[in-house]
Amino acid sequence: MLRQGDRVVRLGGDEFLAVLPGADGDAAAVAAERARAAIAARLSVFGSGRTASLGVAEWRDGEPTQALLARAD
């Protein structure tokens with residue numbers, strides 16, 4: 001569901017980070033909604049009642065990684 005060149009890494013537990021180089025906040029929000037819908041569709045097959053929540057933040061020049069993650073959270 002991501003573009004070639006996008007990367008996903010596991011931060012720990014059930015938290016993941018997707019890095020979308022060159023994507024602005026709007027494009028990232030569209031990608032996040034696509035991912036959320038796909039996850040929800042798969043989870044409903046198992047009848048788990050679980051959901052996924054996703055946050056989006058656009059990197060600000062010079063911003064520390066922890067600040068970016070906090071805004072996305």
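Look up: the structure comes first, before these words.
Just so it is clear, the structure is predicted and the values come from calculations on it, not from any experiment.

Asker: Run through the pattern of salt bridges, naming residues and quoting values.
Answerer: Summed over all chains, the structure comprises three salt bridges. In this structure, Arg-3 and Asp-6 form a salt bridge, with 2.8 Å as the shortest nitrogen-oxygen distance. Taking the relative accessible area as the measure of exposure, Arg-3 reaches 42% and is therefore partly exposed. Arg-71 serves as the salt-bridge partner of Glu-63, at 2.9 Å between the closest nitrogen and oxygen.

Asker: Quick one: what's the story with the pairing of strand β2 (residues 15-19), residue by residue and with numbers?
Answerer: In this structure, strand β1 (residues 7-12) lies alongside β2, joined through five bridges in antiparallel fashion. Its bridge partner being in β2, Val-9 is matched across the sheet by Leu-17. Here β1 hands over to β2 after two residues, with Gly-13 in that stretch at a positive phi of 55°.

Asker: Could you give an account of the side chain of Asp-6, naming the residues involved and the relevant values?
Answerer: Position of Asp-6 relative to the elements: it lies in the segment before β1. Note on Asp-6: relative accessible area 9%, which makes it buried. There is a polar contact of 2.8 Å between the side chain of Asp-6 and the side chain of Arg-3. Those residues within four positions of Asp-6 in sequence are excluded, and the remaining contacts are Val-19, Leu-20 and Pro-21.

Asker: Describe a nonpolar patch on the surface, listing the residues and the values that go with them.
Answerer: A cluster of nonpolar residues, Leu-2, Val-8 and Phe-16, forms a patch on the protein surface that exposes about 280 Å² of accessible area. Tracing the sequence through the fold places Phe-16 in strand β2.

Asker: Any chance you could break down the environment of Ala-32 for me, citing the residues and the numbers?
Answerer: Residue position: Ala-32 is located in helix α1 (residues 25-45). Each C-alpha atom of the pair Ala-32 and Ser-53 lies 9.2 Å from the other, and the pair is 21 residues apart in sequence. In this structure Ala-32 touches Leu-54 and Val-56, once residues within four positions along its chain are discounted.

Asker: Tell me about the side chain of Glu-63, and please be specific about residues and values.
Answerer: Take Glu-63: it is sitting in the loop between α1 and α2 (65-72). For Glu-63, a relative accessible area of 12% translates into the label buried. A polar contact of 2.9 Å, which involves the side chain of Glu-63, links it to the side chain of Arg-71. Aside from chain neighbours lying at most four places away, what touches Glu-63 is Glu-58, Leu-68 and Arg-71.

Calculation notes
- Residues numbered from 1 in each chain as written.
- Predicted model: local features only at pLDDT ≥ 70, side-chain atom pairs only at ≥ 80, totals over all residues.
- Heavy atoms only, no water.
- Salt bridge = Lys/Arg side-chain N within 4 Å of Asp/Glu carboxyl O.
- Buried < 20%, exposed > 50% of the residue type's maximum accessible area, 1.4 Å probe, protein only.
- Pairing = 2+ DSSP bridges.
- Helix = DSSP H or I, 4+ residues; strand = E, 2+ residues; numbered from the N terminus.
- Polar contact = N/O pair within 3.5 Å; in protein donor to acceptor, adjacent residues only side chain to side chain.
- Contact = heavy atoms within 4.5 Å.
- Patch = residues over 30% accessible without salt bridge, like charges linked within 9 Å, V, L, I, M, F, W, Y side chains within 5 Å.
- Areas by Shrake-Rupley, 256 points an atom, 1.4 Å probe, with all protein chains shown as cover.

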